[in-house]
Structure formats: structure tokens, C-alpha cells
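Observations on the three-dimensional arrangement
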Amino acid sequence: MTTNPFGRVITAMVTPMRPDGSLDEVGVRAVVEHLVASGHDGVVVNGTTGESATLTDDESIDAVRIVVEAAAGRLAVTAGVGSNSTAHSIEMAERAVEVGADALLLVSPYYNKPTQAGLLAHCRAVADSTELPIMLYDIPGRTGVAFSTETLVELAAHPRILAVKDAKADLWASTHVMAATDLLWFSGDDVLTLAHLVQGAVGCVSVVGHVAGKEYAAMLAAVDAGDLATAREIHQRLIPVVDAIMTPSQGAIMAKAALAELGVIESAFVRLPLVESPPEHLEALRSGLVEAGLR
């Protein structure tokens, strides 16, 4: 098995913003401290939950720099550099290296819907551009194109493509790739984290981990120990908060709302076209946190 440079209990971190929409450096540092204190050994910056689509390039790199500084080696920092332009992804990868990222997250190009041959060429070009390890991000519900099993098997031969964040919701396809490669597998869907761990995933890249990092760490430890009864109990205990964060609207919106509710960040501001949670969603969130024993 390839050495894991990403961590195992990982959250796809929100990007805190002030009420005027500007990057909140104090909030970023506060979230890092919160994640360190709640069982994490890794973090993804500039993923979907980080609102990467509405950050400027400079803001994205500033966010990585701040997280690297705040983590101070306590978390592995994976920087999202995905784009639907290969040249842009390479530029962002090179800039992420300059500010100290430990690894890169590379989503399949969105909107332009490349062929599988295009996916292969894109990922290899980005992987060849730096020395950092890469976690591929397979989320066809957002990108419009999935990594095929055959493409993932081919990409696994690249010395720096080491992992997959799986948000495809196809457990059987995941099984095929895990059986055929040494790729490190990460659940990218909180609903399926236990299922992924049981069939061989090494960890999770979570949204609910913003508020349940210790619980996911305990779930992972239980699976490692073969204690599936405990893992299942944790999984079921988290149902109310997973529903509250992932179901009403959108993960970035609700994760920020949850961190504001817990006093970790001051503002739950999200950039348009996202909008903040309405009162009924906040009430469901509060209830979910209480029912899951997180508040």
C-alpha cells in the first residue's frame, strides 16, 4: 500500500468570509484550530465546500497559504486545483506548491465534458507539473463526467496519482478499482462513509466532519479494529446531523451555518449564487446537532 500523504480523517473545509464577502483570515485560522482539536489529520482547501468556484485565484492561494501556516504541520493540507482548463489547473498547482501545500485535489473538468482520453491527458499533465501527490476527485453529479473504472486503473500507474475522493455513489465501481489498484480510497459522501470504509477505503473527505470529526475518527478506528458494531452505532448516531447538513440545501451553506452555530466562525456568509440558510433550515440544523449529541 502506498504511504498516505493526505491524512485519513479529512474535512473539505469551508472558506470563512466576512459579511461583506471578503476572505476572513481570522475565521480560516479558527476553523483550522477547530479541526485539529476534533480528530482530524488532514484538510482539503478549495474544494466544493470551500466555494472554490467563486474564489479568485489569488484568494484560493491565500486560503491555502493561511491554512498551511495555521496547521503548522499538524494537518496534511491538500489544495484543490481543479479547473476545466488544464493550463489553469497546472498554474494553480504550481502556485499551491509555492505556498506549502502537501498534496493536490484534482476534480474532473466540468462543463466541457471531456472524453476519457481527455481525462487521462488532463490528469497526467497536472500530475507531471509538480512533485506533489494527487487525489483525484470523482463527482459526476457536479462535473457532468465520471472517471471510468478503466481510466482510474490507467491513472493509478502514474507515480504521483495516489488517491481518489469518491463522490460517485457507485460502490461496485469503487470495489472494482480498489481490487485492481493500490489507489488510496476516500469516501467523498458522508452518507456512504461507513460503506466505503467497510469495503476498503482508508478514510473520508467529509463535510459533516466540520462538526463530527471525533466521531468519524472513532468510526474509522472501529473499522480498523474489526468492530463493526461500534462503527455502525456511530454511523446511525450521526444520521440527524448528516441529514441536517447534507439534505436541506447545500453542504457549504449548512457547514458554515453549523460552524457559526457552534461559535467557531462569526459569519455564515456564502457568495452568490449560494445564499444563507433560511430559519427552517437553521432550526433543523440545531435539532440535528442536539440529536446527534454534538451540542
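Source: prediction; values computed, not measured. (Residues numbered from 1 in each chain as written. Predicted model: local features only at pLDDT ≥ 70, side-chain atom pairs only at ≥ 80, totals over all residues. Heavy atoms only, no water.)

Section: the UniProt feature "active site" (unreviewed entry) in the protein
UniProt records the feature "active site" (unreviewed entry) for Tyr137 and Lys165 in the present numbering. Annotated residues spanning 29 residues; largest pairwise C-alpha distance 4.7 Å, indicating a single compact cluster. Relative to the assigned elements, tyrosine 137 resides in strand β5 (residues 134-138). Not counting chain neighbours up to four residues away, the residues in contact with tyrosine 137 comprise Thr48, Leu105, Leu106, Val107, Ser108, Phe147, Lys165 and Ala167. Residue position: lysine 165 is located in strand β6 (residues 161-166). (UniProt positions renumbered as here; feature names shortened; annotations may be inferred. Helix = DSSP H or I, 4+ residues; strand = E, 2+ residues; numbered from the N terminus. Contact = heavy atoms within 4.5 Å.)

Points about the pairing of strand β1 (residues 9-12)
The alternating pattern of β1 places Val9 and Thr11 and Ile10 and Ala12 on opposite faces, both of which are buried. In the sheet, β1 pairs with strand β8 (residues 203-206) via 3 bridges, with the strands oriented parallel. When the sheet's bridge partners are listed, isoleucine 10 is paired in β8 with valine 205. In this sheet, strand β2 (residues 42-45) lies alongside β1 in parallel orientation, the contact comprising 3 bridges. Bridging from a neighbouring strand, isoleucine 10 pairs with glycine 42 of β2. After leaving β1, the chain enters helix α1 (residues 25-37) and then returns to the sheet as β2, a path that is right-handed. (Buried < 20%, exposed > 50% of the residue type's maximum accessible area, 1.4 Å probe, protein only. Pairing = 2+ DSSP bridges. Right-handed = clockwise from strand over helix to strand, strands pointing away.)

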